[in-house]
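# An overview of the molecular structure
Chain residues, written in single-letter form:
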Amino acid sequence: MDAEGGAERPSAAPGLLFGIGLGGFVDGIVLHQILQWHHMVSDVEGAPTTTVGGLEVNTMADGFFHVGTFLVVLGASIVTIALWRQGRIAPSWSFHVGGMLAGWGLFNLVEGLVDHQLLGVHHVRDDLGGPLSWELGFLGVSLLLIAAGWVLIRRGRT
């Protein structure tokens, strides 16, 4: 119960965690596996995607990445159940979807800045040599996801 005796407001944590985890799955499944634009370490020396050995390293790195995203989704499920058991009110669809979009955008923003720019382990389009326009577009879409999520979260709270 909140200070006024009503049910506590819903938490944004489950939506954000689901968005981070599912955003990671979208990245790994669509960009790594279906489109094959890059893999986790496709721009690392000694792990080229043009050799069998390099593809083996990248496939294993992609697998560890998917384990991480799975654990985030599992954590989101645990947090959701814990809040439900505490009697917290369920969020509106707008609030929850907004959290997921914001989480996805946060995942992409961090991944784009850390993996693409800071560490340089891969780029959005390693198959094209990692042009800057794709990097900037990826970061731009990340910011749009965060903004759309924020708008939906605010709408869902009212």
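Summarised in this report is the structure supplied together with it.

Conventions adopted
- Residues numbered from 1 in each chain as written.
- Predicted model: local features only at pLDDT ≥ 70, side-chain atom pairs only at ≥ 80, totals over all residues.
- Heavy atoms only, no water.
- Helix = DSSP H or I, 4+ residues; strand = E, 2+ residues; numbered from the N terminus.
- Contact = heavy atoms within 4.5 Å.
- Areas by Shrake-Rupley, 256 points an atom, 1.4 Å probe, with all protein chains shown as cover.
- Lys, Arg positive; Asp, Glu negative; His and termini not counted.
- Charge placed at Lys NZ, Arg CZ, Asp CG, Glu CD.
- Axes fitted to C-alpha atoms, helices over the stretch in contact; angles between N-to-C directions.
- Parallel < 35°, antiparallel > 145°, perpendicular 65-115°, else oblique.
- Left-handed = near helix turned anticlockwise from the far one by under 90°.
- Nonpolar A, V, L, I, M, F, W, Y, C, P; charged D, E, K, R; others polar.
- Patch = residues over 30% accessible without salt bridge, like charges linked within 9 Å, V, L, I, M, F, W, Y side chains within 5 Å.
- Salt bridge = Lys/Arg side-chain N within 4 Å of Asp/Glu carboxyl O.
- Buried < 20%, exposed > 50% of the residue type's maximum accessible area, 1.4 Å probe, protein only.
- Polar contact = N/O pair within 3.5 Å; in protein donor to acceptor, adjacent residues only side chain to side chain.

## Section: the overall build of the chain
Looking only at helices and strands, the chain features 4 helices and 0 strands. When its helices and strands are written in sequence order, the chain yields α-α-α-α. Taking the principal axes of its C-alpha atoms as reference, the chain extends roughly 65 × 30 × 25 Å. Of all intrachain contacts in the chain linking residues separated by at least 6 positions in sequence, the fraction that spans at least 24 positions is 74%. With the model as given, the accessible surface of the chain reaches about 9,100 Å², and the carbon-plus-sulfur share is 70%. Here the chain carries 7 positive and 13 negative side-chain charges, and the mean point of each set is 21 Å from the other.

## Brief notes about the packing of helix α3 (residues 93-118) against helix α4 (residues 132-157)
With their axes 7 Å apart at the nearest point, α3 and α4 run at an angle of 155° to one another. Here α3 lies roughly antiparallel to α4, going by the angle between them. At the point where α3 passes α4, the crossing takes the left-handed sense. Residue classes in the contact of α3 with α4 are distributed as 16 nonpolar, 11 polar and 4 charged.

## Some remarks on a nonpolar patch on the surface
On the surface, Val 26, Ile 29, Val 30, Ile 34 and Leu 35 cluster together to form a nonpolar patch covering roughly 390 Å² of accessible area. Among the structural elements, Ile 34 can be located in helix α1 (residues 13-34).

## Brief notes about the side chain of His 123
With respect to the helices, strands and loops of the structure, His 123 is situated in the loop between α3 and α4. You can call His 123 buried: its relative accessible area is 16%. Within the structure, His 123 has its side chain in polar contact with the side chain of Asp 43 (distance 3.1 Å).

## So, the packing of α1 against helix α2 (residues 52-85)
As a packed pair, α1 and α2 sit with axes 8 Å apart at the nearest point and diverge in direction by 160°. The angle between α1 and α2 falls in the class roughly antiparallel. With respect to the hand of their crossing, α1 and α2 are arranged in left-handed fashion. Here the residues of the contact of α1 with α2 sort into 15 nonpolar, 10 polar and 2 charged.

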